[in-house]
Amino acid sequence: MPDERPFFVIGQWSGPDLTVWQIQQAPDDPDELDDEYEQHRCDAYDADGGVEIVCAASAGEAEATARREAIETGKRTGQDLKRRRERRAAASRHRRKVAHHYT
């Protein structure tokens with residue numbers, strides 16, 4: 001969309017939960033964007049957080065998009081973990097038991 005521009009969404013992600021600390025419009029210049037992103041990333045990392053670049057028409061829309069993406073990612077991650085647990089459980093049922101004899 002032509003009205004959209006990049007925003008930094010800075011906060012802490014915990015699965016589908018997002019605590020937003022700050023939303024800031026990102027620069028249009030790619031070099032400036034990279035520099036500012038790296039600075040925000042380092043600052044957020046020091047506080048156990050992170051930063052995402054979200055394209056939106058406003059800061060409020062950027063926050064809503066980040067929250068929606070966090071929920072979708074949390075669901076996908078949960079589904080992936082569930083599938084792994086199910087595969088491990090199925091594999092353990094089919095493992096052949098080997099008796100150990102000690103003399």
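Structure's up top.
Residues numbered from 1 in each chain as written. Predicted model: local features only at pLDDT ≥ 70, side-chain atom pairs only at ≥ 80, totals over all residues. Heavy atoms only, no water.

Draft legend 1. Up close: the overall build of the chain. Each helix and strand counted, the chain has 2 helices and 3 strands in total. By the burial criterion, 20% of the 103 residues in the chain qualify as buried. Long-range contacts, defined as pairs at least 24 residues apart, comprise 61% of the intrachain contacts of the chain with a sequence gap of at least 6. Accessible surface, the chain: about 7900 Å² in total, of which carbon and sulfur atoms supply 48%. (Helix = DSSP H or I, 4+ residues; strand = E, 2+ residues; numbered from the N terminus. Buried < 20%, exposed > 50% of the residue type's maximum accessible area, 1.4 Å probe, protein only. Contact = heavy atoms within 4.5 Å. Areas by Shrake-Rupley, 256 points an atom, 1.4 Å probe, with all protein chains shown as cover.)

Draft legend 2. Spatial organisation of the pattern of salt bridges. Following the criterion strictly, the structure yields 2 salt bridges and no others. Across the pair Arg 41 and Glu 38 runs a salt bridge, and its minimum N-O distance is 2.6 Å. Taken together, the residues Arg 41 and Glu 38, both in helix 1 (residues 30-46) and 3 residues apart, mark about one turn of the helix. A residue is classified by how much of its surface remains accessible, and Arg 41, at 32% relative accessible area, is partly exposed. For the salt bridge of Glu 63 with Arg 67, the shortest nitrogen-to-oxygen distance reads 2.9 Å. Note that Glu 63 and Arg 67 are positioned in helix 2 (residues 59-94) at a spacing of 4 residues, about one turn of the helix. Exposure remark for Arg 67: the relative accessible area of 32% places this residue in the partly exposed category. (Salt bridge = Lys/Arg side-chain N within 4 Å of Asp/Glu carboxyl O.)

Draft legend 3. Region of interest: the pairing of strand 1 (residues 5-14). Relative to strand 3 (residues 50-56), strand 1 runs antiparallel, the two sharing 7 bridges. Bridge pairing links Val 9 to Glu 52 in strand 3. (Pairing = 2+ DSSP bridges.)

Draft legend 4. Seen up close, the sheet that holds strand 2 (residues 17-25). Read from one edge of the open sheet, 3 strands run 2-1-3, paired in antiparallel fashion. The sheet terminates laterally at strand 2 and strand 3, the two strands that pair on one side only. Between one strand axis and the next, the sheet turns through 35° on average, direction left out of account. (Axes fitted to C-alpha atoms, helices over the stretch in contact; angles between N-to-C directions.)

Draft legend 5. Spatial organisation of the nonpolar core. Ranked by size, the top nonpolar core spans 8 residues in total: Phe 7, Val 9, Leu 18, Val 54, Ala 56, Ala 62, Ala 66 and Ala 70. Secondary structure elements with two or more residues in this core: strand 1, strand 3 and helix 2. With 3 residues, the single largest contributor to this core is helix 2. Setting aside chain neighbours within four positions, we find Ala 56 in contact with Asp 3, Glu 4, Arg 5, Phe 7, Glu 61 and Ala 62. Judged by nonpolar contacts, the second largest core, of 6 residues, contains Ile 10, Ala 26, Leu 33 and Ala 44. (Core = buried A, V, L, I, M, F, W, Y, C linked by side-chain atoms within 4.5 Å.)

Draft legend 6. Region of interest: a negative patch on the surface. A contiguous patch of negative charge on the surface is contributed by Asp 28, Asp 29, Asp 31, Glu 32, Asp 34 and Asp 35. Considering the arrangement of structural elements, one finds Asp 28 in the loop between strand 2 and helix 1. (Patch = residues over 30% accessible without salt bridge, like charges linked within 9 Å, V, L, I, M, F, W, Y side chains within 5 Å. Lys, Arg positive; Asp, Glu negative; His and termini not counted. Charge placed at Lys NZ, Arg CZ, Asp CG, Glu CD.)

Draft legend 7. Molecular detail of the environment of Leu 18. Tracing the backbone through its elements, the reader meets Leu 18 in strand 2. For Leu 18, a relative accessible area of 8% puts it in the buried group. Sequence separation between Leu 18 and Glu 69 is 51 residues, and the spatial gap between their C-alpha atoms is 9.8 Å. Here Leu 18 is in contact with Gln 12, Trp 13, Ala 66, Arg 67 and Ala 70, once residues within four sequence places are set aside.

All we've got here are geometric facts, nothing functional implied.
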